[in-house]
Amino acid sequence: MKNQIIKRTEVFVRKELGEDATGHDWFHVDRVRRNALHICTEEKTGDPFIIEMATLLHDIPDEKINESAEAGTAKLNAFFQSVGLAEETENHINQIIETISYKGGRKTKLETVEAKIVQDADRLDAIGAIGIARAFAYGGKKGQLIYDPNINVREEMSLEEYRKGKSTSIHHFYEKLLKLKDLLNTESAKKMAESRQQMMLRFLEQFYLEWDGQDS
Ligand code: ADP
Ligand code: NI
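Definitions and cut-offs
- Residues numbered from 1 in each chain as written.
- Chains lettered and ligands numbered in written order.
- Predicted model: local features only at pLDDT ≥ 70, side-chain atom pairs only at ≥ 80, totals over all residues.
- Heavy atoms only, no water.
- Donors = N, O, S within 2.8 Å, 3.2 Å for Na, K, Ca; no water.
- Helix = DSSP H or I, 4+ residues; strand = E, 2+ residues; numbered from the N terminus.
- Buried < 20%, exposed > 50% of the residue type's maximum accessible area, 1.4 Å probe, protein only.
- Core = buried A, V, L, I, M, F, W, Y, C linked by side-chain atoms within 4.5 Å.
- Contact = heavy atoms within 4.5 Å.
- Expected span 1.5 Å × (residues − 1).
- Bend = angle between axes of the 7 residues up to and from the residue.
- Salt bridge = Lys/Arg side-chain N within 4 Å of Asp/Glu carboxyl O.
- Axes fitted to C-alpha atoms, helices over the stretch in contact; angles between N-to-C directions.
- Parallel < 35°, antiparallel > 145°, perpendicular 65-115°, else oblique.
- Left-handed = near helix turned anticlockwise from the far one by under 90°.
- Nonpolar A, V, L, I, M, F, W, Y, C, P; charged D, E, K, R; others polar.

A.B. asks: Mind laying out the coordination of the nickel ion (ligand 2), listing which residues take part and the relevant values?
C.D. replies: Every protein donor of the nickel ion (ligand 2) is listed here as His28 (NE2), His58 (NE2) and Asp122 (OD), and their distances to the metal cover 2.1 to 2.3 Å. Within one chain, the residues donating to the nickel ion (ligand 2) are spaced in sequence as H-x29-H-x63-D. A residue pair is termed long-range when its members are at least 10 positions apart, and His58 in the loop between α3 (48-57) and α4 (69-83) and Asp122 in helix α6 (residues 113-124) qualify at 64 residues. Among the residues examined, Asp122 registers a relative accessible area of 18% and is labelled buried.

As C-alpha cells, this is what we get:
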C-alpha cells in the first residue's frame, strides 16, 4: 500500500519537475530523498514513509516553479486529494513542506524530527560539489553573472530582496551556501556537510586565484 503510494508520487513528481532547470529537477528530489532516508537510518528516528513522501513532494508547491504560491499549493492539494492519505499523515507532510524552505534565512522552528531530517537533506543538496553546480545553473537561468566584485554581499535581506535583488552566483555562497552547515539539525547531516563545506571553500579559493590571474 505505502509502496504503491510512493510509486504514484514518484510518477507525479517526475512529470511535474522533469524539465525544470532552476535546480529543482527530478534528480535533485531523488538525491534529497536518498539523503533523508540515509539520515533517518543513521539517526534511528523518524517515520520513513512521511520522510519519503515529504522529500518527493517538497518542491511541488515552490513559487519559483509555479505561476504563484497559491497555484503551487493548489497543485499539491489536488495531488493529495487523488491519493487519499489519512488526514493526519497528509497534514504532517504538508507542514513539513511549508516550514523547511530557506527563503533568505527565514528561521522557522521545526516541530517534528521528520521535518528536521527533510530540511537537512534539502540543505545538503545545496552545498558541496552538487551545490556549486546548482548555484551556477540557477544563476545562468536567472541571467545573473557568475561574479562581479563591485556588488556587495548582502547580510540581512527580506524575501523580496533575496529573490529579486542584484547578486551573483559567487555572492550566493556568502549569502546562503556557506551558512547552511551551521543551520543543520542532525548530527548525521553535520558529518556529511564537512567535506562538502571544504569543497566549497577550496573552490572559492581557486576561483579568486584564477580571477586575479594568480594561479600559476
Ligand atoms: P530555497 O527555496 O530553499 O530558498 P531555492 O529554491 O531558492 O532554495 O534554491 C534552489 C537552488 O538554487 C539551490 O541550490 C540554491 O542554492 C540555488 N540558488 C537560489 N538562489 C540563488 C541565487 N540567487 N544565486 C545562485 N543560486 C541560487
Ligand atoms: Ni529542494
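A.B. asks: Can you explain the nonpolar core? Please cite residues and give values.
C.D. replies: With 51 residues, the main nonpolar core has Val13, Met53, Leu57, Leu85, Ile93, Leu124 and Phe173 as its most contacted residues. Looking at which element gives the most residues to this core, the answer is α3, with seven residues. Sequence-distant contacts of Ile93, that is, excluding residues within four places in its chain, are made with Ile50, Met53, Ala54, Leu57, Phe80 and Leu85.

A.B. asks: Help me get a handle on unusual backbone geometry, residues and values and all.
C.D. replies: A positive phi angle is found at Lys44, which is not glycine, with a value near 50°. Judged by relative accessible area, Lys44 falls into the exposed class, the value being 75%.

A.B. asks: Please provide a residue-by-residue account of helix α10 (residues 187-211), values included.
C.D. replies: Spanning 25 residues, α10 covers 36 Å between terminal C-alpha atoms, matching the ideal 36 Å at 1.5 Å per step. Maximum bend of α10: about 30°, positioned at Ala193. Burial in α10 covers these residues: Ser188, Ala189, Met192, Ala193, Gln197, Met200, Leu204 and Phe207. Summarising the contacts, the buried residues of α10 are in contact with α2 (26-43), α6, α7 (128-142) and α9 (169-175). After α10 finishes, the residue Gly213 shows a positive phi value of roughly 65°.

A.B. asks: Outline the pattern of salt bridges, supporting the account with residue identities and numerical values.
C.D. replies: Across all of its chains, the model carries nine salt bridges by this definition. Here Glu16 and Lys75 are joined by a salt bridge, their closest N and O atoms 3.1 Å apart. Taken together, the residues span a long stretch of sequence, with Glu16 in helix α1 (residues 2-17) and Lys75 in helix α4 at a distance of 59 residues. Here Glu52 and Arg33 are joined by a salt bridge, their closest N and O atoms 2.9 Å apart. Of this pair, Glu52 sits in helix α3 while Arg33 sits in helix α2, and the two are 19 residues apart along the sequence. Residue Glu52 shares its accessibility class with Arg33, and that shared class is buried. In this structure, a network of salt bridges that share partners links the residues Glu10, Asp30, Arg33 and Glu52.

A.B. asks: Describe the environment of Ala78, with residues and values.
C.D. replies: Looking at the secondary structure, you find Ala78 in helix α4. Note on Ala78: relative accessible area 46%, which makes it partly exposed. As a C-alpha pair, Ala78 and Gln214 span 136 residues in sequence and 55 Å in three-dimensional space.

A.B. asks: Go over the packing of α2 against α6, please, and point to the residues and values.
C.D. replies: Axis separation between α2 and α6 bottoms out at 8 Å; the angle between their running directions is 130°. With respect to α6, the axis of α2 lies oblique. Crossing angle aside, the handedness with which α2 passes α6 is right-handed. Contacts between α2 and α6 involve His28, Val32, Asn35, Ala36, Ile39 and Cys40 from the former and Ile117, Val118, Asp120, Ala121, Asp122 and Leu124 from the latter. Within the contact of α2 with α6, the residues separate by chemical class into eight nonpolar, two polar and two charged.

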